[in-house]
Amino acid sequence: MKGPGHQRTYELRVAALPAGTVYFNYLFGVAEKEEKKQIREQKLIKKLEKQKLKEEQQQQELQQQQERRKKGRHYTVSIALPGSVLDNAQSPELRTYLAGQIARACAVFCVDEVVVFDEEDQDAKSVEGEFTGIGKKGQACVQLARILQYLECPQYLRKSFFPKHQDLQFAGLLNPLDSPHHMRMDDESEFREGVVLDRPSKPGKGSFVNCGMRKEVRIDRRLQAGLRVTVRLHSSQNPDGKVYKGEVVAPHLPRTEAGLYWGYSVRLASCLSNVFAECPHKEGYDLTIGTSEKGSSVDSVTLSPFKHVLVVFGGLQGLEASVDTDQNLNVTDPSVLFDLYLNTCPTQGSRTIRTEVNPRLVLI
C-alpha cells in the first residue's frame, strides 16, 4: 500500500542526488541521441553512395552497350547448297574432306547460316540416324550437315553433343576452323559458348555451365541440362571463388554488340523452295543471289544495302536440276527465283567450278 511515507521516501531519494550527477546524466542522454543521429546519417550517406554507384554503373553499362552496338555487325550472310555435292567424292575420307573445305570457307568469310537442301527427294530434316553408305542413295544431306555442325562446335563441347558416329569417322583429321568462339582454356573473352551441366544447384540460384574454363560458370537462371548456351561473363570476378559468374544471352549478341564472328548455324531443307519458305528471319531474306555460269557477270553488279543476304549454289548439274526436282515450283528458269542471278567467274578456265571452290569466289 502506497502511503505518504512512500512518497516522501521517493522525494528524499531524488533530493539526495547531487546536482552534478543530474547534469551529467542529462549530458549523457544528449550525447547518446547525437551519436544515434550521426549513425543514422552515416547509414543514409552510405545508402545514397551505393545508390549513386549503382546508377553510375548502370550508366556506364548503357554507354558500353551503345559503343558495342556501333562496333557490332547487324547484317547476316547465309549460303545454301545441295547435299548431293558429296556424291562427287569417291570415298568417305574424300567426302569428309570436301565438307571440311566448305566449313573452312564459311568460317573465313563469316557466314552466319548454312542451309543444306535436298535435290534428290531424300526428305532429310534432321541429322539423326545412322550412316547409310555413299553414292546416289546415301544420306549426303545428313552427313554434310553433321560434319558442318561438328566443325563449328568448340572442341571442348564436342563430347557433349556428338557421340561416336560413322559420319564423323574422319572428321578429326580435318583442319580446325579456329573461329573466335573456339576458345582456349585461359583465353579472356566477354562471351563464351557452354553446355548446361546436370548438377544440382541451391534454390534461387542458376545452373552450372561448362564453358571450357578452369572453373565452371554459374548463370543467372535454371536451364535444362545438355543445352548449348552463349554466356556473357561478368566483368568483375572473384579470383578466389569456386565458380565464375555470368548470364545467358542470345547467340547473336557477340555479333551484334561486339562485332565478333560467332560461328554458323546449320539448317536442313527438304527442297530448294523450302530454303526460302523456312527462313529463320521474320522479314525473310531481303537479298537473294543465285549462282550459275548462265547468269550475268558479277563484275557489272553493285550490291544494294541489305539485312539478310542469301547466296544459293547449285549441285553437280546446276540450279536447273534443283528446280526440276522441286515439286513446289512451277518454273523452269531458276533466275526468276532470285534478285540477282550471277556468273561469279565469267573467265573461268575450267568447264565446271566445284562447289567447295564456289563459295570462296562469291564471298570474297
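Residues numbered from 1 in each chain as written. Predicted model: local features only at pLDDT ≥ 70, side-chain atom pairs only at ≥ 80, totals over all residues. Heavy atoms only, no water.

**Digging into the confidence of the model for the protein chain**
- Confidence in the prediction for the protein chain averages 84 pLDDT; 82% of positions are at 70 or higher.
- Low confidence marks residues 7-15, where pLDDT is under 50. Its contacts with residues over four positions away, or in another chain, come to zero contacts.
- In this model, residues 127-138 is a region of pLDDT below 50 whose contacts with residues beyond four sequence positions or in other chains number 29 contacts. (pLDDT = per-residue confidence, 0-100. Contact = heavy atoms within 4.5 Å.)

**Notes on helix α3 (residues 92-108)**
- Between its first and last C-alpha, α3 extends 24 Å over 17 residues, near the 24 Å set by a 1.5 Å rise per residue.
- Turning to α3, its buried residues number three or more, namely Arg95, Thr96, Leu98, Ala99, Gly100, Gln101, Ile102, Ala103, Ala105, Cys106 and Ala107. (Helix = DSSP H or I, 4+ residues; strand = E, 2+ residues; numbered from the N terminus. Expected span 1.5 Å × (residues − 1). Buried < 20%, exposed > 50% of the residue type's maximum accessible area, 1.4 Å probe, protein only.)

**Topic: a positive patch on the surface**
- On the surface, Lys202, Lys205, Lys242 and Lys245 cluster together into a positively charged patch.
- Among the structural elements, Lys205 can be located in the loop between β3 (191-196) and β4 (208-210).
- Assessed through its relative accessible area of 43%, Lys205 is described here as partly exposed. (Patch = residues over 30% accessible without salt bridge, like charges linked within 9 Å, V, L, I, M, F, W, Y side chains within 5 Å. Areas by Shrake-Rupley, 256 points an atom, 1.4 Å probe, with all protein chains shown as cover. Salt bridge = Lys/Arg side-chain N within 4 Å of Asp/Glu carboxyl O. Lys, Arg positive; Asp, Glu negative; His and termini not counted. Charge placed at Lys NZ, Arg CZ, Asp CG, Glu CD.)

**A few points about the environment of Ser300**
- Position of Ser300 relative to the elements: it lies in the loop between β9 (287-297) and β10 (308-312).
- Among the residues examined, Ser300 registers a relative accessible area of 59% and is labelled exposed.
- Along the backbone, Ser300 and Leu342 are 42 residues apart, and their C-alpha atoms lie at a distance of 9.7 Å.
- For Ser300, the side chain forms a polar contact with the main-chain oxygen of Ser297, separated by 2.9 Å. (Polar contact = N/O pair within 3.5 Å; in protein donor to acceptor, adjacent residues only side chain to side chain.)

**Considering the layout of surface pockets**
- Here the largest pocket is characterised by a volume of approximately 950 Å³.
- As for the largest pocket, its lining consists of 38 residues, and the residues nearest its centre are Glu152, Pro251, Tyr264, Ser265 and Val266.
- Listed by contribution, the elements that provide at least two residues to the lining of the largest pocket are β1 (76-82), α4 (140-152), β6 (228-233), β7 (244-249), α6 (253-258) and β8 (265-269).
- Among the residues forming the lining of the largest pocket, the class breakdown is 15 nonpolar, 13 polar and ten charged. (1 Å grid on protein atoms, 1.4 Å probe; cavity = no way out; pocket = protein on both sides within 12 Å on 5 of 7 lines; lining within 4 Å. Points joined across faces, edges and corners; volume = space filled by probe spheres on them. Nonpolar A, V, L, I, M, F, W, Y, C, P; charged D, E, K, R; others polar.)

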